[in-house]
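# Structure assessment
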Amino acid sequence: AGGIRIKALSKRYGQGETAVQALRQVDLQVAAGEVVGLIGPSGSGKSTLLKCLGAVIEPSSGRMVLGDDCIYDNGWRVRDLRALRRDRIGFVFQAPYLIPFLDVCDNVALPAMLAGTANAVARRRAGELLEALDVQHRARALPAQLSGGEQQRVAIARGLINQPPVILADEPTAPLDSERALAVIAILNNMAQQFETAVIVVTHDEKIIPTFRRLYQIRDGQTRETAGEGRPLG
Ligand code: ADP
Ligand code: ADP
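The text that follows walks through the structure, step by step, so that each part is easy to find. What you see is a predicted model; the values in this text were computed from it and never measured. (Residues numbered from 1 in each chain as written. Chains lettered and ligands numbered in written order. Predicted model: local features only at pLDDT ≥ 70, side-chain atom pairs only at ≥ 80, totals over all residues. Heavy atoms only, no water.)

## Section: the sheet that holds strand β8 (residues 198-202)
In spatial order, the strands read β6-β7-β8-β3-β9-β10; together these six strands make up an open sheet with mixed pairing. What marks the edges here is a single partner per strand, and that holds for β6 (89-92) and β10 (222-227). When the angles between neighbouring strand axes are averaged without regard to direction, this sheet yields 20°. Relative to strand β9 (residues 214-219), strand β3 (residues 35-39) is paired through three bridges, and the arrangement is parallel. In the strand pairing of β9, Leu38 is matched with Tyr216. Together, β6 and β7 (166-170) form the strand contacts of helix α5 (residues 148-160), whose direction differs from that of β6 by roughly 175°. (Pairing = 2+ DSSP bridges. Helix = DSSP H or I, 4+ residues; strand = E, 2+ residues; numbered from the N terminus. Axes fitted to C-alpha atoms, helices over the stretch in contact; angles between N-to-C directions. Contact = heavy atoms within 4.5 Å.)

The structure is reproduced here in structure tokens:
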């Protein structure tokens, strides 16, 4: 019963003559355990859709269901949006936004600690994720000492640590080479299957687009579902 579904979701910015209709009656569903791609040109509405899915901005109309809970139906149904974002949605941003004075391990462990996991357990789980993402050797370094690609992998580990039912990833592989980009997608697929996570990956990255089994193309705020190549990941 996991996954995320939206139905006829629309978003307009502003009023009157200067209004921008960023999303028009978008339908989308991602099942528990599934990883889908979201592709579209700049200005087509990708960021807006991701922000609506993540309960960062309020849609203008439509319906959104997370697991068994209706969270939006022409208005928020969930009272505590902060708790929703903290506990049920994992964000992986294009820019890593790591905390500069915490080492890599604690940056990854922090969301688990904030959710009440014992520090030692959180750090152990962080270490396992860092290992899976091949940055374990940087666990004691500060973010500024890492390359851009290493920082990105650390940010991905942080987004995964609480095993949220939904992961929203915005261009997660942009700065990575081909091998590492595919490794990130493999990890997201493993996570999705192991923890029944629904994963949505916004991307332009030609290295990873052939790996998706299913994609949504967005253009002028409207989505179209397409079959992907579903190329196996090694
Ligand atoms: P993408 O992520 O695909 O580049 P966006 O969702 O950022 O697309 O933007 C979709 C449309 O909505 C664009 O026309 C953009 O200019 C407009 N838009 C996005 N955010 C805002 C905002 N906060 N206020 C007004 N217009 C916005
Ligand atoms: P990207 O395509 O990398 O996501 P964008 O340029 O679309 O970046 O958007 C960057 C930020 O600016 C987003 O938060 C978006 O909502 C906001 N934004 C985009 N277009 C507008 C606009 N016309 N007015 C106000 N904010 C905007």
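Next comes the rest of the account.
## Description of the sheet that holds strand β1 (residues 4-13)
Judged by pairing direction, the sheet is antiparallel, and its four strands sit side by side in the order β2-β1-β4-β5 without closing on themselves. The open sheet has two edge strands, β2 (20-30) and β5 (69-73), and neither has a second partner. Averaged over neighbouring strand pairs, the angle between their axes works out to 20° when direction is ignored.

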